[in-house]
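Next come the chains, spelled out residue by residue.
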Amino acid sequence: MPASTGVLDGQAPSAAAVSADSTRAAWWDTALYGASAVVAALAARFDYIPLQRTWGRLALGPYAVAAVLAALLALRWRRRPAGRPLRARTLLAVAVLIGAMAVPLGLEVAWRAHDGDRLHVQSEIFLAEQGSRVLFHGGDPYRTAYHYGLLRTYPPGVWEHIPYLPAVFAFGLPRAVLGAGAGPLTDARLGFTAVSVAVALLALALSGATGERRLRMLMVLLVLPTGARYLTGGGDDVAVLALLLLAVVLEHRGRPVAGGLVAGLAAAIKQTAWLPLPFLALAARDTAGRRATGRFLAAVGSVVVPVVAPFAVWDLHRLVDSVVLYPLGLSNQPTIARGPTLGRLLAAPFAHAKGVVAAVLAVVVVVVALLLLLRWTPGGVRAACWQAGVVFALAVMLATAGRPGYLIYPVNLLAWSRLLPQRPAPLPGGEPARQHQDQDQAGGQGQEAAAQPGS
(Lines give C-alpha, C1' and ligand atoms only; values in the text may rest on other atoms or scores of the structure.)
Protein backbone atom coordinates (compact mmCIF):
# COMPACT_ATOMS: atom_id res chain seq x y z
CA MET A 1 0.00 0.00 0.00
CA PRO A 2 1.24 3.54 -0.58
CA ALA A 3 3.12 4.88 2.39
CA SER A 4 2.78 8.58 1.79
CA THR A 5 1.99 11.39 -0.56
CA GLY A 6 3.74 14.60 0.07
CA VAL A 7 6.97 16.57 0.01
CA LEU A 8 10.10 14.62 -0.87
CA ASP A 9 13.65 16.01 -0.58
CA GLY A 10 12.27 19.47 0.09
CA GLN A 11 10.41 19.72 -3.22
CA ALA A 12 6.65 19.65 -3.65
CA PRO A 13 5.44 16.93 -6.01
CA SER A 14 3.88 17.91 -9.31
CA ALA A 15 0.11 17.92 -9.80
CA ALA A 16 0.44 14.84 -12.02
CA ALA A 17 2.37 13.00 -9.32
CA VAL A 18 -0.22 13.93 -6.67
CA SER A 19 -3.02 12.74 -8.94
CA ALA A 20 -1.22 9.45 -9.63
CA ASP A 21 -0.60 8.91 -5.92
CA SER A 22 -4.23 9.70 -5.12
CA THR A 23 -5.45 7.26 -7.75
CA ARG A 24 -3.15 4.55 -6.44
CA ALA A 25 -4.27 5.18 -2.84
CA ALA A 26 -7.93 5.00 -3.91
CA TRP A 27 -7.32 1.64 -5.59
CA TRP A 28 -5.75 0.42 -2.34
CA ASP A 29 -8.86 1.63 -0.52
CA THR A 30 -10.96 -0.33 -3.00
CA ALA A 31 -8.98 -3.49 -2.32
CA LEU A 32 -9.12 -3.06 1.46
CA TYR A 33 -12.83 -2.31 1.59
CA GLY A 34 -13.53 -5.14 -0.85
CA ALA A 35 -11.55 -7.59 1.29
CA SER A 36 -13.41 -6.28 4.35
CA ALA A 37 -16.72 -6.99 2.63
CA VAL A 38 -15.56 -10.57 2.04
CA VAL A 39 -14.59 -10.92 5.73
CA ALA A 40 -18.00 -9.57 6.77
CA ALA A 41 -19.78 -11.98 4.43
CA LEU A 42 -17.81 -14.94 5.79
CA ALA A 43 -18.54 -13.86 9.35
CA ALA A 44 -22.25 -13.52 8.57
CA ARG A 45 -22.35 -17.03 7.17
CA PHE A 46 -19.87 -19.08 9.18
CA ASP A 47 -18.94 -17.43 12.52
CA TYR A 48 -19.97 -19.57 15.49
CA ILE A 49 -20.68 -16.49 17.67
CA PRO A 50 -24.20 -15.11 17.02
CA LEU A 51 -23.11 -11.53 17.68
CA GLN A 52 -20.35 -11.81 15.06
CA ARG A 53 -22.79 -13.19 12.51
CA THR A 54 -25.00 -10.18 13.15
CA TRP A 55 -22.01 -7.85 12.79
CA GLY A 56 -21.18 -9.46 9.46
CA ARG A 57 -24.68 -8.87 8.12
CA LEU A 58 -24.65 -5.24 9.27
CA ALA A 59 -21.12 -4.43 8.09
CA LEU A 60 -21.29 -6.12 4.68
CA GLY A 61 -23.24 -3.26 3.11
CA PRO A 62 -21.01 -0.39 4.30
CA TYR A 63 -17.83 -2.18 3.21
CA ALA A 64 -19.24 -3.15 -0.19
CA VAL A 65 -20.56 0.35 -0.88
CA ALA A 66 -17.23 1.86 0.23
CA ALA A 67 -15.35 -0.43 -2.16
CA VAL A 68 -17.52 0.74 -5.06
CA LEU A 69 -17.17 4.42 -4.10
CA ALA A 70 -13.40 4.11 -3.72
CA ALA A 71 -13.20 2.54 -7.17
CA LEU A 72 -15.25 5.37 -8.63
CA LEU A 73 -12.92 7.91 -7.01
CA ALA A 74 -9.91 6.13 -8.47
CA LEU A 75 -11.44 6.15 -11.95
CA ARG A 76 -12.35 9.82 -11.66
CA TRP A 77 -8.91 10.86 -10.42
CA ARG A 78 -7.26 8.91 -13.21
CA ARG A 79 -9.06 11.10 -15.77
CA ARG A 80 -8.80 14.46 -14.03
CA PRO A 81 -6.62 15.92 -11.23
CA ALA A 82 -7.98 15.29 -7.76
CA GLY A 83 -9.09 18.34 -5.79
CA ARG A 84 -8.81 17.25 -2.17
CA PRO A 85 -8.24 13.50 -2.44
CA LEU A 86 -7.20 12.93 1.16
CA ARG A 87 -10.27 14.73 2.44
CA ALA A 88 -12.58 12.65 0.24
CA ARG A 89 -10.93 9.39 1.33
CA THR A 90 -11.04 10.42 4.99
CA LEU A 91 -14.75 11.22 4.78
CA LEU A 92 -15.32 7.83 3.19
CA ALA A 93 -13.36 6.12 5.99
CA VAL A 94 -15.38 7.97 8.64
CA ALA A 95 -18.61 6.90 6.94
CA VAL A 96 -17.42 3.30 6.94
CA LEU A 97 -16.45 3.58 10.60
CA ILE A 98 -19.97 4.72 11.40
CA GLY A 99 -21.62 2.03 9.27
CA ALA A 100 -19.38 -0.93 10.15
CA MET A 101 -18.61 -0.16 13.79
CA ALA A 102 -20.72 2.57 15.41
CA VAL A 103 -24.10 1.40 14.09
CA PRO A 104 -23.58 -2.33 14.85
CA LEU A 105 -22.16 -1.48 18.27
CA GLY A 106 -25.04 0.85 19.09
CA LEU A 107 -27.59 -1.72 18.00
CA GLU A 108 -25.98 -4.53 19.97
CA VAL A 109 -25.80 -2.40 23.11
CA ALA A 110 -29.45 -1.40 22.73
CA TRP A 111 -30.57 -4.97 21.97
CA ARG A 112 -28.69 -6.21 25.01
CA ALA A 113 -30.46 -3.71 27.24
CA HIS A 114 -33.83 -4.83 25.84
CA ASP A 115 -33.38 -8.58 25.25
CA GLY A 116 -30.61 -9.60 27.64
CA ASP A 117 -27.06 -10.87 27.26
CA ARG A 118 -27.42 -14.16 25.42
CA LEU A 119 -27.11 -13.02 21.79
CA HIS A 120 -25.73 -9.52 22.21
CA VAL A 121 -22.55 -9.66 24.28
CA GLN A 122 -19.43 -11.82 24.40
CA SER A 123 -17.92 -13.51 27.41
CA GLU A 124 -15.03 -11.05 27.82
CA ILE A 125 -17.43 -8.16 28.39
CA PHE A 126 -19.60 -10.16 30.78
CA LEU A 127 -16.52 -11.23 32.77
CA ALA A 128 -15.08 -7.70 32.90
CA GLU A 129 -18.38 -6.32 34.19
CA GLN A 130 -19.07 -9.12 36.65
CA GLY A 131 -15.48 -9.15 37.90
CA SER A 132 -15.71 -5.42 38.46
CA ARG A 133 -18.94 -5.94 40.42
CA VAL A 134 -17.26 -8.53 42.65
CA LEU A 135 -14.28 -6.23 43.20
CA PHE A 136 -16.55 -3.27 43.95
CA HIS A 137 -18.19 -5.29 46.73
CA GLY A 138 -14.85 -6.32 48.22
CA GLY A 139 -14.32 -9.75 46.66
CA ASP A 140 -11.50 -11.23 44.60
CA PRO A 141 -12.67 -11.48 40.97
CA TYR A 142 -10.19 -14.26 40.26
CA ARG A 143 -11.58 -16.50 43.02
CA THR A 144 -15.23 -16.14 42.00
CA ALA A 145 -17.21 -18.51 39.79
CA TYR A 146 -19.49 -16.86 37.23
CA HIS A 147 -21.77 -19.80 36.37
CA TYR A 148 -24.85 -17.66 35.81
CA GLY A 149 -26.37 -15.38 33.22
CA LEU A 150 -24.58 -15.48 29.88
CA LEU A 151 -22.09 -18.13 31.04
CA ARG A 152 -24.47 -20.63 32.61
CA THR A 153 -24.28 -22.90 29.52
CA TYR A 154 -20.54 -22.42 28.97
CA PRO A 155 -17.88 -24.99 29.97
CA PRO A 156 -16.58 -24.59 33.57
CA GLY A 157 -13.24 -23.23 32.40
CA VAL A 158 -14.91 -20.10 31.05
CA TRP A 159 -16.84 -19.17 34.18
CA GLU A 160 -14.05 -20.16 36.57
CA HIS A 161 -11.41 -17.89 35.01
CA ILE A 162 -11.00 -14.24 34.10
CA PRO A 163 -8.06 -14.41 31.67
CA TYR A 164 -7.34 -10.67 31.76
CA LEU A 165 -5.25 -8.47 34.02
CA PRO A 166 -6.85 -6.30 36.73
CA ALA A 167 -6.99 -2.96 34.87
CA VAL A 168 -9.71 -4.46 32.67
CA PHE A 169 -12.10 -4.09 35.61
CA ALA A 170 -12.00 -0.31 35.22
CA PHE A 171 -14.17 -0.69 32.13
CA GLY A 172 -16.80 -2.61 34.07
CA LEU A 173 -17.11 -0.04 36.84
CA PRO A 174 -20.10 1.87 35.38
CA ARG A 175 -22.20 -1.28 35.37
CA ALA A 176 -20.83 -2.40 38.74
CA VAL A 177 -21.64 0.91 40.43
CA LEU A 178 -24.92 1.79 38.69
CA GLY A 179 -26.21 -1.69 37.88
CA ALA A 180 -27.55 -3.12 34.63
CA GLY A 181 -30.82 -1.29 35.22
CA ALA A 182 -29.10 2.06 34.72
CA GLY A 183 -29.38 1.58 30.97
CA PRO A 184 -27.25 0.71 27.95
CA LEU A 185 -24.63 3.39 28.66
CA THR A 186 -23.13 1.15 31.37
CA ASP A 187 -22.08 -1.44 28.74
CA ALA A 188 -18.32 -1.92 29.02
CA ARG A 189 -17.96 -1.92 25.23
CA LEU A 190 -18.72 1.78 25.19
CA GLY A 191 -15.81 2.41 27.53
CA PHE A 192 -13.45 0.30 25.42
CA THR A 193 -14.60 2.10 22.28
CA ALA A 194 -14.27 5.58 23.79
CA VAL A 195 -10.73 4.83 24.96
CA SER A 196 -9.81 3.24 21.63
CA VAL A 197 -11.01 6.18 19.54
CA ALA A 198 -9.71 8.94 21.82
CA VAL A 199 -6.28 7.39 22.33
CA ALA A 200 -5.93 6.50 18.65
CA LEU A 201 -6.72 10.07 17.56
CA LEU A 202 -4.24 11.46 20.11
CA ALA A 203 -1.54 9.06 18.93
CA LEU A 204 -2.11 9.94 15.28
CA ALA A 205 -2.05 13.66 16.05
CA LEU A 206 1.33 13.25 17.78
CA SER A 207 2.78 10.83 15.25
CA GLY A 208 4.22 13.43 12.90
CA ALA A 209 3.12 11.27 9.98
CA THR A 210 1.60 12.60 6.78
CA GLY A 211 -2.16 12.69 6.43
CA GLU A 212 -2.03 9.67 4.11
CA ARG A 213 -0.14 7.59 6.66
CA ARG A 214 -2.37 8.67 9.53
CA LEU A 215 -5.45 7.68 7.55
CA ARG A 216 -4.00 4.26 6.78
CA MET A 217 -3.13 3.62 10.44
CA LEU A 218 -6.62 4.71 11.46
CA MET A 219 -8.17 2.34 8.94
CA VAL A 220 -6.19 -0.66 10.16
CA LEU A 221 -6.84 0.08 13.82
CA LEU A 222 -10.53 1.08 13.75
CA VAL A 223 -12.23 1.07 10.35
CA LEU A 224 -11.43 -2.31 8.79
CA PRO A 225 -12.58 -5.61 10.38
CA THR A 226 -9.27 -5.62 12.29
CA GLY A 227 -10.91 -2.96 14.47
CA ALA A 228 -14.64 -2.58 13.80
CA ARG A 229 -15.44 -6.27 14.25
CA TYR A 230 -13.68 -6.51 17.60
CA LEU A 231 -15.07 -3.26 19.00
CA THR A 232 -18.59 -4.48 18.31
CA GLY A 233 -18.08 -7.75 20.15
CA GLY A 234 -15.60 -6.90 22.87
CA GLY A 235 -13.18 -4.04 22.39
CA ASP A 236 -10.46 -4.91 24.88
CA ASP A 237 -7.91 -5.82 22.21
CA VAL A 238 -8.50 -2.64 20.22
CA ALA A 239 -8.15 -0.50 23.36
CA VAL A 240 -4.86 -2.26 24.15
CA LEU A 241 -3.65 -1.67 20.59
CA ALA A 242 -4.59 2.01 20.75
CA LEU A 243 -2.58 2.40 23.96
CA LEU A 244 0.36 0.57 22.38
CA LEU A 245 0.19 2.91 19.38
CA LEU A 246 0.34 5.93 21.68
CA ALA A 247 3.27 4.36 23.56
CA VAL A 248 5.07 3.69 20.26
CA VAL A 249 4.49 7.26 19.07
CA LEU A 250 5.74 8.79 22.33
CA GLU A 251 8.83 6.60 22.28
CA HIS A 252 9.40 7.46 18.64
CA ARG A 253 9.30 11.14 19.63
CA GLY A 254 12.04 10.60 22.23
CA ARG A 255 9.76 10.33 25.29
CA PRO A 256 10.61 6.87 26.72
CA VAL A 257 9.15 7.51 30.18
CA ALA A 258 5.83 8.76 28.83
CA GLY A 259 5.79 5.89 26.36
CA GLY A 260 6.54 3.43 29.13
CA LEU A 261 3.72 4.74 31.30
CA VAL A 262 1.21 4.32 28.47
CA ALA A 263 2.59 0.87 27.61
CA GLY A 264 2.20 0.01 31.29
CA LEU A 265 -1.50 0.87 31.09
CA ALA A 266 -1.89 -1.50 28.14
CA ALA A 267 0.12 -4.21 29.94
CA ALA A 268 -2.08 -3.88 33.03
CA ILE A 269 -5.18 -4.62 30.93
CA LYS A 270 -4.14 -7.65 28.91
CA GLN A 271 -1.16 -9.97 28.58
CA THR A 272 -1.04 -9.44 24.80
CA ALA A 273 0.58 -6.05 25.44
CA TRP A 274 3.60 -7.75 27.01
CA LEU A 275 5.08 -9.32 23.89
CA PRO A 276 6.14 -6.03 22.20
CA LEU A 277 7.67 -4.62 25.40
CA PRO A 278 11.20 -6.14 25.11
CA PHE A 279 11.54 -4.83 21.55
CA LEU A 280 10.28 -1.37 22.47
CA ALA A 281 12.52 -1.31 25.55
CA LEU A 282 15.69 -2.00 23.57
CA ALA A 283 14.71 0.61 20.98
CA ALA A 284 13.95 3.33 23.55
CA ARG A 285 16.00 6.53 23.36
CA ASP A 286 15.49 10.00 24.76
CA THR A 287 15.59 13.30 22.88
CA ALA A 288 19.37 13.44 23.21
CA GLY A 289 19.74 10.04 21.54
CA ARG A 290 20.77 8.21 24.73
CA ARG A 291 19.52 4.68 25.31
CA ALA A 292 16.58 4.64 27.72
CA THR A 293 15.81 0.94 28.15
CA GLY A 294 15.89 1.13 31.94
CA ARG A 295 13.73 4.23 32.10
CA PHE A 296 11.16 2.71 29.74
CA LEU A 297 10.92 -0.52 31.74
CA ALA A 298 10.80 1.36 35.05
CA ALA A 299 7.88 3.41 33.74
CA VAL A 300 6.07 0.25 32.62
CA GLY A 301 6.65 -1.35 36.01
CA SER A 302 5.47 1.72 37.88
CA VAL A 303 2.02 1.15 36.38
CA VAL A 304 1.82 -2.64 36.18
CA VAL A 305 3.16 -3.52 39.63
CA PRO A 306 0.72 -1.40 41.70
CA VAL A 307 -2.21 -2.70 39.63
CA VAL A 308 -1.32 -6.41 39.65
CA ALA A 309 0.52 -6.84 42.97
CA PRO A 310 -2.54 -6.57 45.26
CA PHE A 311 -4.23 -9.43 43.41
CA ALA A 312 -1.04 -11.52 43.60
CA VAL A 313 -0.96 -10.99 47.35
CA TRP A 314 -4.67 -11.77 47.54
CA ASP A 315 -4.34 -15.18 45.86
CA LEU A 316 -1.27 -15.76 43.69
CA HIS A 317 -2.32 -19.26 42.63
CA ARG A 318 -5.71 -18.15 41.29
CA LEU A 319 -4.19 -15.13 39.54
CA VAL A 320 -1.55 -17.22 37.75
CA ASP A 321 -4.08 -19.92 36.90
CA SER A 322 -6.46 -17.37 35.36
CA VAL A 323 -4.09 -15.03 33.51
CA VAL A 324 -1.23 -17.39 32.58
CA LEU A 325 -2.13 -21.08 32.60
CA TYR A 326 -5.72 -20.93 31.38
CA PRO A 327 -5.06 -18.71 28.31
CA LEU A 328 -2.21 -21.05 27.32
CA GLY A 329 -4.47 -24.10 27.62
CA LEU A 330 -2.41 -25.48 30.53
CA SER A 331 -4.98 -25.14 33.32
CA ASN A 332 -6.99 -28.02 34.77
CA GLN A 333 -9.97 -26.65 32.86
CA PRO A 334 -9.43 -26.51 29.08
CA THR A 335 -9.83 -23.24 27.26
CA ILE A 336 -12.52 -22.96 24.57
CA ALA A 337 -10.03 -21.22 22.24
CA ARG A 338 -9.81 -23.74 19.42
CA GLY A 339 -9.03 -21.64 16.39
CA PRO A 340 -7.28 -23.26 13.40
CA THR A 341 -3.60 -22.67 14.12
CA LEU A 342 -0.50 -24.65 13.25
CA GLY A 343 0.21 -25.19 16.94
CA ARG A 344 -3.18 -26.77 17.53
CA LEU A 345 -2.68 -29.01 14.50
CA LEU A 346 0.72 -30.14 15.80
CA ALA A 347 -0.64 -30.79 19.30
CA ALA A 348 -3.71 -32.75 18.16
CA PRO A 349 -1.95 -36.17 17.90
CA PHE A 350 -0.48 -35.73 21.40
CA ALA A 351 -3.58 -35.05 23.51
CA HIS A 352 -1.95 -36.44 26.67
CA ALA A 353 1.23 -34.42 26.20
CA LYS A 354 -0.29 -31.10 25.22
CA GLY A 355 1.72 -29.27 27.88
CA VAL A 356 4.98 -30.64 26.49
CA VAL A 357 4.05 -29.68 22.93
CA ALA A 358 3.02 -26.19 24.07
CA ALA A 359 6.33 -25.80 25.92
CA VAL A 360 8.36 -26.87 22.87
CA LEU A 361 6.49 -24.46 20.61
CA ALA A 362 6.88 -21.68 23.17
CA VAL A 363 10.64 -22.30 23.19
CA VAL A 364 10.67 -21.86 19.41
CA VAL A 365 8.98 -18.46 19.77
CA VAL A 366 11.35 -17.43 22.58
CA VAL A 367 14.42 -18.47 20.58
CA VAL A 368 13.29 -16.44 17.56
CA ALA A 369 12.57 -13.44 19.80
CA LEU A 370 15.97 -13.68 21.51
CA LEU A 371 17.71 -14.04 18.16
CA LEU A 372 16.12 -10.83 16.95
CA LEU A 373 16.71 -8.98 20.23
CA LEU A 374 20.33 -10.00 20.73
CA ARG A 375 21.65 -10.58 17.23
CA TRP A 376 19.69 -7.81 15.48
CA THR A 377 18.87 -5.40 18.29
CA PRO A 378 16.25 -2.93 17.02
CA GLY A 379 17.90 0.40 16.30
CA GLY A 380 14.65 2.34 16.39
CA VAL A 381 10.94 2.12 17.06
CA ARG A 382 10.05 1.16 13.50
CA ALA A 383 12.40 -1.81 13.63
CA ALA A 384 11.04 -2.74 17.08
CA CYS A 385 7.48 -2.78 15.70
CA TRP A 386 8.54 -4.91 12.75
CA GLN A 387 10.34 -7.46 14.92
CA ALA A 388 7.53 -7.57 17.50
CA GLY A 389 5.00 -8.05 14.71
CA VAL A 390 6.92 -11.00 13.26
CA VAL A 391 7.30 -12.70 16.66
CA PHE A 392 3.66 -12.01 17.55
CA ALA A 393 2.46 -13.59 14.30
CA LEU A 394 4.66 -16.62 14.98
CA ALA A 395 3.31 -16.89 18.53
CA VAL A 396 -0.30 -16.79 17.33
CA MET A 397 0.27 -19.43 14.66
CA LEU A 398 2.16 -21.79 17.02
CA ALA A 399 -0.26 -21.40 19.93
CA THR A 400 -1.90 -24.70 20.89
CA ALA A 401 -4.86 -22.68 22.23
CA GLY A 402 -5.74 -21.15 18.88
CA ARG A 403 -6.85 -17.51 18.81
CA PRO A 404 -6.48 -16.33 15.19
CA GLY A 405 -8.20 -13.07 16.17
CA TYR A 406 -4.98 -12.07 17.89
CA LEU A 407 -3.48 -11.60 14.43
CA ILE A 408 -4.80 -8.04 14.65
CA TYR A 409 -1.77 -7.33 16.85
CA PRO A 410 0.95 -8.23 14.31
CA VAL A 411 -1.11 -6.64 11.53
CA ASN A 412 -1.10 -3.32 13.39
CA LEU A 413 2.52 -3.60 14.52
CA LEU A 414 3.71 -4.30 10.98
CA ALA A 415 1.60 -1.43 9.66
CA TRP A 416 3.15 0.95 12.19
CA SER A 417 6.65 -0.20 11.23
CA ARG A 418 5.96 1.00 7.69
CA LEU A 419 3.76 4.02 8.26
CA LEU A 420 5.47 5.82 11.15
CA PRO A 421 7.81 8.55 9.87
CA GLN A 422 11.52 7.84 9.99
CA ARG A 423 12.34 11.18 11.57
CA PRO A 424 9.41 12.64 13.51
CA ALA A 425 9.43 16.30 14.43
CA PRO A 426 10.05 16.93 18.15
CA LEU A 427 7.13 17.40 20.50
CA PRO A 428 6.33 21.02 21.39
CA GLY A 429 9.02 22.31 23.71
CA GLY A 430 11.30 19.34 23.09
CA GLU A 431 14.71 19.04 21.44
CA PRO A 432 15.06 17.28 18.13
CA ALA A 433 16.16 13.73 18.77
CA ARG A 434 19.60 12.72 17.59
CA GLN A 435 18.73 10.29 14.87
CA HIS A 436 20.36 6.87 15.14
CA GLN A 437 20.56 4.40 12.33
CA ASP A 438 16.92 3.42 11.88
CA GLN A 439 16.79 1.79 8.50
CA ASP A 440 13.66 -0.18 9.27
CA GLN A 441 11.79 0.26 6.03
CA ALA A 442 9.42 -2.63 6.91
CA GLY A 443 7.44 -4.34 4.19
CA GLY A 444 9.91 -5.36 1.52
CA GLN A 445 12.90 -4.00 3.49
CA GLY A 446 11.84 -5.25 6.94
CA GLN A 447 14.48 -7.96 7.23
CA GLU A 448 17.18 -5.51 6.20
CA ALA A 449 16.06 -3.29 9.07
CA ALA A 450 16.26 -6.11 11.56
CA ALA A 451 19.84 -6.77 10.57
CA GLN A 452 21.03 -3.37 11.77
CA PRO A 453 22.63 -3.80 15.21
CA GLY A 454 21.87 -1.15 17.79
CA SER A 455 24.51 1.33 18.81
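Residues numbered from 1 in each chain as written. Predicted model: local features only at pLDDT ≥ 70, side-chain atom pairs only at ≥ 80, totals over all residues. Heavy atoms only, no water.

With that settled, consider the packing of helix H16 (residues 381-398) against helix H17 (residues 408-419). Orientation of H16 relative to H17, taken along the N-to-C sense of each, is 155°, at an axis distance of 8 Å. Viewed along their axes, H16 and H17 adopt a mutual orientation that is roughly antiparallel. The two elements H16 and H17 meet at a crossing, and its hand is left-handed. Of the residues in H17, those in contact with Arg382, Cys385, Trp386, Ala388, Gly389, Val390, Phe392 and Ala393 of H16 are Tyr409, Pro410, Leu413, Leu414, Trp416, Ser417 and Arg418. Residues that form the contact of H16 with H17 fall into these classes: eleven nonpolar, two polar and two charged. (Axes fitted to C-alpha atoms, helices over the stretch in contact; angles between N-to-C directions. Helix = DSSP H or I, 4+ residues; strand = E, 2+ residues; numbered from the N terminus. Parallel < 35°, antiparallel > 145°, perpendicular 65-115°, else oblique. Left-handed = near helix turned anticlockwise from the far one by under 90°. Contact = heavy atoms within 4.5 Å. Nonpolar A, V, L, I, M, F, W, Y, C, P; charged D, E, K, R; others polar.)

In this structure, Tyr33, Tyr63 and Trp416 are the most contacted members of the largest nonpolar core, which totals 114 residues. For this core, the leading source of residues is helix H10 (residues 236-252), giving 13 residues. What tyrosine 63 contacts, discounting residues up to four positions off in sequence, is Tyr33, Ser36, Ala37, Ala40, Trp55, Val96, Ala100, Val223, Leu224, Pro225 and Ala228. (Core = buried A, V, L, I, M, F, W, Y, C linked by side-chain atoms within 4.5 Å. Buried < 20%, exposed > 50% of the residue type's maximum accessible area, 1.4 Å probe, protein only.)

Our focus in this paragraph is H10. Spanning 17 residues, H10 covers 24 Å between terminal C-alpha atoms, matching the ideal 24 Å at 1.5 Å per step. The element H10 is extensively covered by neighbouring structure, given that 17 of its 17 residues are classed as buried. Phi turns positive, to about 80°, at glycine 254, one or two residues after H10. (Expected span 1.5 Å × (residues − 1).)

For the rest of this paragraph, the subject is the confidence of the model for the protein chain. Taken as a whole, the protein chain shows an average pLDDT of 87; of its residues, 89% reach a score of 70 or greater. This stretch, residues 3-10, has a pLDDT under 50; its non-local contacts, to residues over four places away or in other chains, come to 14 contacts. Across residues 430-455, confidence stays below pLDDT 50; counting only partners more than four residues off in sequence or on other chains, it has 56 contacts. (pLDDT = per-residue confidence, 0-100.)

Structurally, the position occupied by serine 22 is in helix H1 (residues 15-46). In this structure serine 22 comes out as buried when scored by relative accessible area, which is 7%. Residues serine 22 and proline 85, spaced 63 residues apart in sequence, show a C-alpha to C-alpha distance of 6.1 Å. Apart from the residues lying within four places of it in its own chain, the contact partners of serine 22 are Trp77, Ala82 and Pro85.

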